[in-house]
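# Examining the three-dimensional arrangement
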Amino acid sequence: MKKATGFFLAAVVLQVLILLGVPARKAYTRMTGRDVVLKVAPVDPYSILSGYYVILGYDISRPADFPNAPKFEFDEVIYAIVEQQADGLWKPVSIERELPKNLPANRVAIRGHWNDWRITYGIEEFYIPEEKRQVIADDLGKNQAEARVEVKVDAQGNAALIRLRIQDRVYE
Amino acid sequence: MNPNKSSSFRSSLKQELPAWVQEGIVTEDAAQRLTSLYELDELRTESSSLLAAVIFTLGGLLLGGGLMSFVAANWEVLPTLVKVILLLLLLLAFHLAGYWLWHKKNWPRLGHALVFTGSLVFGANIGLMAQIFHVSGEWYGAFGAWALGSLVMAYAARSWMTGLLALVTAVTWFQGISHSHPSSWMAAGPLVLTAVFLLLAWQLRSRVLYVATHAGLTFMLCTLAAERYSSGKYVLATMIVSGFVAWAAGEFHRVKTLRPEFGNPTAALGILILGGSAYIWSFHWWWRERDWALDSSNVVYSPRFYWALPTIIVTLVGIGLVIRMMWQVNAVDSRKLLVLGISVASAILILCALIGGANYGDQVLLTVSVNLAALMIAVVAIAIGILDERRLAFWTGTLFTVLLIISRFLEYETSLLTKSAAFTLCGVAMIAAGVAYENHLRRKEAIV
């Protein structure tokens, strides 16, 4: 094989690796993670629909919803501890600086970034097909109290968004 | 020896060679060696016209768009794994078909177009992958990944179009990351990216990529100035520095006859940036009790020196190039004067920006200085037009002078009669200058 051909093939392989690297973290979390159901919190109605995705917010996105809510640096990594309730939903319990070890079975730590007025977990953008975009936005606008998202959370606390459920309607 | 293997040159050479042999200008043996050195026999299967390149590229883009739309139309019914495999197959199909046509079937333009489209598909696939797995993140991350993949492909496939794509995506990535992450190493970004893309342009002998890299450097340095200092004066100073360096690099290529084909377009870009900046800031409004601060929410006050480092280094490179040119034995005196003219004009503009930004109040002297510097740039362009017999430079310089004069009259003079006299004089002067210039060119041609 000529050197130029080898270099070209290496470049193609690099592009393939980059492509596979984009969802690698999420794919790992999907495969190894634990199921968690979160309640969708009110989102600014003017920015629900932003391009190709719906912007979602949760109980755990608002620092005020945590009883211990301490102050963190901007963009600092935090771990939100959530606890499973009788109705199957997971509610915010506390925020920690480090990933807690030996959590009870009904609790999970989700890794997020502190942005002063809200915390982001990498599960805020729900991509949807073009034709369904307005349908989901309208459904979410009308029935927000019953909107749930199913996520997977892996051992390191990383979360991956799986599906959005509003009453009996499922969006993936 | 590094032969120029551009298709246009090889086509012209192939066309002329039989006549040269017939006329006895070159021997049969020499013609054979030239044919082998420039691989002229391999040119036969493909038209070398620009139209063919454009059509192939457009065809590749439509093909890519069509296939992507087909995948998107069936998006919902496809399982995740099938979606991922389809995207990867699409990418591989473009690249491998492109390479095969280019190198094995001797259709370089079509192959080039497909490889370029492959890198566009790569970018679209990054977005689609993120969508499939609901990956959230900063928008510029996708551009960084796109730039990296395209850059390596541009080097590997020796494709200037892919290089241009990599440059645009890399500059976009830098714009995003420098806004969100004020870490110190960000200051190295413009220099590292510029070095990488200049080297690529050099290897590919691509004038377009070389000039575009200078434009990219200007954009990145200005982004850094606006983001980290948040002051118009630094943006102005940075634009002048970038224009000065582009001009100096272009002149250096010409004077040293080092890849001279890079010289004119790069110097022209430099003059354009310098002239454009000087014109914008030639209005008195900028220098009259004006707060130069931009959006102050992003200002990082410490360590400030750090963010100026790339601009300072670029300035030193420009000064170094100018000194080397001035020392050049063959450089004629009139060209030295031009080099000096642009250097002085740049220095005046930078000083005005730095002094003006630090002081409040009406600064008449600075306004006059900026106008004088702008006029100097125009005069240099006219002089280049006369010395090098380049019409475009002459007319650009002349039009710039007229634009400056008319702008000043519109800015200050309210009397219609005075305006009318000024505009009439400008018109007459332009026509007279044009006639004199054309006569000068005719006399030169007659001598030759």
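### Section: the interface of chain B and chain A
Each partner contributes to the interface: chain B provides 33 residues, whereas chain A provides 32 residues. Remark: the boundary between chain B and chain A carries zero salt bridges. Taken together, the links from chain B to chain A amount to four residue pairs in polar contact (both at pLDDT 80 or more). Of all elements in the fold, only α4 (80-104), α5 (108-132) and α6 (139-157) of chain B reach the threshold of two or more residues within the side of chain B that touches chain A. Considered class by class, the residues forming the side of chain B that touches chain A number 21 nonpolar, eleven polar and one charged.

### As for the packing of aromatic side chains
Residue and element names in this part refer to chain B. In total, this model carries 14 aromatic pairs over all chains according to the counting rule given. A ring pair is formed by F9 and Y38, whose centres lie 5.5 Å apart and whose planes are at 65°; its orientation type is edge-to-face. Note that F9 is positioned in helix α1 (residues 7-23) and Y38 in the loop between α2 (28-37) and α3 (50-73), a separation of 29 residues in sequence. Residue class for F9 comes out partly exposed when judged on its relative accessible area of 32%. Ring centres 5.1 Å apart and planes at 75° place the aromatic pair W285 and W286 in the edge-to-face group. W285 sits in the partly exposed class, given a relative accessible area of 48%. The ring of W202 carries the charged tip of R259 above its face, separated from the ring centre by 4.4 Å. Over the face of the ring belonging to F283 we find R408, whose NZ or CZ atom lies 4.8 Å from the ring centre.

### Quick notes on helix α11 (residues 263-280) of chain B
The first and last C-alpha atoms of α11 of chain B sit 26 Å apart over 18 residues, in line with the 26 Å expected at 1.5 Å per residue. The set of residues buried in α11 of chain B consists of G263, T266, A267, L269, G270, I271, I273, L274, G275, S277, A278 and Y279 of chain B.

### Overview of the sheet that holds strand β7 (residues 107-114) of chain A
Residue and element names in this part refer to chain A. Pairing within the open sheet is antiparallel, and its four strands lie in the order β6-β5-β7-β8. With partners counted over all chains shown, the strands left at the sheet margins are β6 (90-96) and β8 (119-120), one partner each. Here seven bridges tie strand β5 (residues 77-84) to β7, and the two strands are oriented antiparallel to one another. Its bridge partner being in β7, E83 is matched across the sheet by R107.

### Remarks on the pairing of strand β10 (residues 147-153) of chain A
Residues and elements named next belong to chain A. Counted residue by residue, β10 has six buried out of seven residues, so it is predominantly covered. Bridge analysis of strand β1 (residues 34-41) against β10 gives six bridges, and the strand direction is antiparallel. Note on β10: the bridge partner recorded for L38 is V149. In this sheet, strand β11 (residues 159-166) lies alongside β10 in antiparallel orientation, the contact comprising seven bridges. Residue pairing in the sheet places V153 in a bridge with A159 of β11.

Criteria and cut-off values
Residue positions are counted from 1 within each chain, in the order its sequence is given. Chain A is the first chain written and ligand 1 is the first ligand written, with later ones labelled in order. Local features in this predicted model are restricted to residues whose pLDDT is 70 or higher, and side-chain atom pairs enter the listing and the counts only when it is 80 or higher, whereas totals over whole chains, interfaces and linings include all residues. Values reported for side chains reflect all heavy atoms of the structure, with hydrogen atoms and water molecules removed beforehand. Any pair of residues with heavy atoms lying within 4.5 Å of one another is described as a contacting pair. For this document, the term salt bridge refers to a Lys or Arg side-chain nitrogen within 4 Å of an Asp or Glu carboxyl oxygen. Residues adjacent in sequence count toward polar contacts only when both atoms are side-chain atoms; beyond that, a polar contact is any pair of N or O atoms within 3.5 Å, and within protein one must be able to donate a hydrogen and the other to accept it. A run of H or I in DSSP becomes a helix once it reaches four residues, and a run of E becomes a strand once it reaches two; helices and strands are each numbered from the N terminus. Any residue outside Ala, Val, Leu, Ile, Met, Phe, Trp, Tyr, Cys, Pro, Asp, Glu, Lys and Arg is labelled polar, Gly included; the first ten of those are nonpolar and the last four are charged. Here a Phe, Tyr or Trp ring, Trp counted by its six-membered ring, pairs with any other such ring whose centre lies within 6.5 Å, and the pair is stacked when the planes are under 30 degrees apart, edge-to-face when over 60, and tilted otherwise. Here the term buried applies to any residue with accessible area under 20% of the maximum for its type, exposed to any over 50%, and partly exposed to those in between, with areas from a 1.4 Å probe on protein chains only. Geometrically, a charge over a ring is one whose NZ (Lys) or CZ (Arg) sits within 6 Å of the ring centre while staying within 35 degrees of the ring normal. One less than the number of residues in a helix, times 1.5 Å, gives the span that helix is expected to have. Two strands qualify as a pair provided DSSP detects at least 2 bridges between them.

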